[in-house]
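# Summary of the model geometry
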Number of protein chains: 2
Amino acid sequence: MNDYIHKLKEHNLKVTPQRLGILSIIQKSGHISIEELYVAVRRDFSTISLATLYKNINFMVEVNLLKEVKIPNGKSKYEIVKEEHSHMICKKCSKLEDLELSLQSVVQTASKKSGYLFDDNALVLSGICPQCQ
Amino acid sequence: MNDYIHKLKEHNLKVTPQRLGILSIIQKSGHISIEELYVAVRRDFSTISLATLYKNINFMVEVNLLKEVKIPNGKSKYEIVKEEHSHMICKKCSKLEDLELSLQSVVQTASKKSGYLFDDNALVLSGICPQCQ
DNA sequence: TTACTAAAGGATAAAAATTATTATTAAGAT
DNA sequence: ATCTTAATAATAATTTTTATCCTTTAGTAA
């Protein structure tokens with residue numbers, strides 16, 4: 001939980017209430033866009049500046065505390081960094097969910113085929129979720 | 001080649017020199033960002049408006065003639081729609097390449113696990129290309 | 001604790017990216 | 001060749017993101 005404090009310090013980022021608030025909202029939501037985040041954060045910090053939000057998001061992405069998830073035909077969402085995983089998005093309800101999935105063999109095949117050395121991947125599967133079917 | 005004419009007509013888009021020019025540049029480049037495209041198109045159509053470019057890109061994405069490729073930590077690029085494929089990006093030289101790769105078993109596993117019905121996927125592998133190693 | 005310093009926050013302006021508006025032009029049909 | 005409608009160009013407006021600058025605060029050390 002609040003090893004956010006630790007993680008922030010690790011990267012020489014000061015521990016401010018705003019930052020903890022941002023992280024806790026992202027944590028709770030799972031995935032959240034900038035606009036959604038701004039609305040949510042302002043419930044706790046009514047005077048927070050949009051610039052502060054952007055600056056912090058950018059910092060935290062740089063130090064690998066947050067990850068940007070680029071959504072096909074949609075706006076980016078942000079999540080707390082954890083184990084590597086993929087994503088699924090429902091084309092009807094737009095829900096975004098994590099998906100634990102081994103891509104090892106795929107990546108290995110790709111590497112053999114291309115000669116690239118891969119150390120990261122981003123997979124988003126699009127379709128219809130069970131509830132919307 | 002110039003079944004762009006056909007494809008445009010198919011979707012009730014008029015065949016204009018600008019549109020053919022845009023498509024031919026994207027085709028030649030493989031993948032291209034809006035800014036790069038604007039610069040390139042203006043070599044052939046010096047007076048083309050940026051708004052025209054955006055509108056056409058949006059139209060063509062809607063009718064499935066073009067596809068937006070969202071790049072981790074980078075700006076989107078556009079490509080001509082063809083068979084389903086993945087992408088690789090080099091973190092050093094930023095080169096983006098196509099990669100033919102079967103994701104069938106991965107998608108199947110994902111579907112079984114989640115209950116989603118998937119009909120699309122976007123995979124970008126990041127690493128170092130052979131030339132940059 | 002208190003005081004200091006450097007980083008962070010807030011307000012705002014500026015820049016960059018995208019979309020909307022409107023008059024003119026040109027594609028495609030008759 | 002003419003007509004109608006969609007596309008283009010120019011531009012304004014909007015949206016998104018970043019930069020600036022002054023004030024506040026976190027973290028450190030007396």
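So, here is what we can say about the structure in this document. The numbering scheme is per chain: residues are counted from 1 as the chain's sequence reads. Here every chain gets a letter starting at A, and every ligand a number starting at 1, in the order they are written. Only residues with pLDDT of 70 or above have their local features reported here, since the model is predicted, and side-chain atom pairs are shown and tallied only from 80 upward, although totals for entire chains, interfaces and linings are computed over all residues. The side-chain quantities take in all heavy atoms of the structure and omit both hydrogens and water.

Residue and element names in this part refer to chain A. Centres within 6.5 Å are what make two rings of Phe, Tyr or Trp a pair, Trp counting through its six-membered ring; a difference in plane orientation under 30 degrees is then read as stacked, over 60 as edge-to-face, and the rest as tilted. All chains considered together, the criterion is met by two aromatic pairs over all chains. Ring geometry for Tyr-116 against Phe-118: centres 5.4 Å apart, planes inclined by 15°, an arrangement best described as stacked. When a residue's accessible area, from a 1.4 Å probe over protein chains only, is under 20% of the maximum for its type it is buried; when over 50% it is exposed; and in between it is partly exposed. Relative accessible area serves as the criterion here: at 1%, Tyr-116 is assigned to the buried category.

The next subject is the protein's contact with DNA strand D. If even one non-hydrogen atom of a residue comes within 4 Å of a molecule or strand, that residue is called near it. Every one of the 20 residues lining DNA strand D counts as a neighbour, but A:Val15, A:Tyr54, A:Lys75, B:Thr16 and B:Gln18 are closest to it. Put simply, 73% of the atoms of DNA strand D that lie within 4 Å of the protein are in sugar or phosphate. Distance and chemistry together define a polar contact, namely a pair of N or O atoms within 3.5 Å, with one atom able to donate a hydrogen and the other to accept it when in protein, and with adjacent residues in sequence counting only for side-chain atoms on both sides. Separating a sugar or linking oxygen of DNA strand D from a side-chain N or O atom of B:Gln18 is a distance of 3.0 Å. The contact in question runs from a base nitrogen of DNA strand D to an N or O atom on the side chain of B:Ser49, over 3.2 Å. Residue assignment for the surface near DNA strand D shows that the elements contributing at least two residues are helix H4 (50–62) of chain A together with helix H2 (17–29) and helix H4 (50–62) of chain B. Put simply, DSSP H or I for four residues or longer makes a helix, DSSP E for two residues or longer makes a strand, and each gets a number counted from the N terminus.

Turning next to the interface of chain A and chain B. By the convention used here, residues are in contact when the closest approach between their heavy atoms is within 4.5 Å. Contacts between chain A and chain B engage 37 residues on the former and 37 residues on the latter. Here's the idea: put two parts together, see how much 1.4 Å probe accessible area each one loses, and the total over both is what we call buried area. Interface of chain A and chain B: buried area, both sides summed, is about 3,000 Å²; carbon and sulfur atoms make up 62% of it. Put simply, a salt bridge is a Lys or Arg side-chain nitrogen that is within 4 Å of an Asp or Glu carboxyl oxygen. Viewed at the interface, chain B and chain A are joined by two salt bridges. Between the two partners, chain A and chain B, sit 20 residue pairs in polar contact (both at pLDDT 80 or more).

Before going further, it helps to examine the packing of helix H2 (residues 17–29) of chain A against H4(A). Residue and element names in this part refer to chain A. The axes are straight lines fitted to the C-alpha atoms, using for helices just the contacting stretch, and the angles between their N-to-C directions are given from 0 to 180°. Where H2 contacts H4, the two axes come as close as 11 Å, and the packing angle between them is 70°. For the element pair H2 / H4, the angle class is roughly perpendicular. Each of Arg-19, Ile-22, Leu-23 and Ile-26 in H2 lies in contact with H4, whose residues at this interface are Leu-53, Asn-56, Ile-57, Phe-59 and Met-60. Residues belonging to the contact of H2 with H4 are distributed by class as follows: seven nonpolar, one polar and one charged. What sets the label is the angle itself: under 35 degrees gives roughly parallel, over 145 gives roughly antiparallel, 65 to 115 gives roughly perpendicular, and the rest give oblique. Residues are grouped as follows: Ala, Val, Leu, Ile, Met, Phe, Trp, Tyr, Cys and Pro are nonpolar; Asp, Glu, Lys and Arg are charged; all remaining types, including Gly, are polar.

The next thing to look at is the sheet that holds strand S5 (residues 117–128) of chain A. What makes two strands pair is DSSP finding at least two bridges between them. Reading across the sheet, the six strands line up as S4(A)-S3(A)-S5(A)-S5(B)-S3(B)-S4(B) and stay open at both edges, with mixed pairing between neighbours. What marks the edges here is a single partner per strand, and that holds for strand S4 (96–99) of chain A together with strand S4 (96–99) of chain B. In this sheet, neighbouring strand axes are inclined to one another by 25° on average, regardless of whether the strands run parallel or antiparallel. Inspection of the sheet shows strand S3 (residues 86–90) of chain B paired to strand S5 (residues 117–128) of chain B by four bridges, in the parallel sense. In the strand pairing of S5(B), B:Met88 is matched with B:Leu125. Sheet strands in contact with helix H5 (residues 104–114) of chain A are S5 of chain A together with S3, S4 and S5 of chain B, and its direction is about 125° off that of S5(A). Sheet strands in contact with helix H5 (residues 104–114) of chain B are strand S3 (86–90), S4 and S5 of chain A together with S5 of chain B, and its direction is about 125° off that of S5(B).

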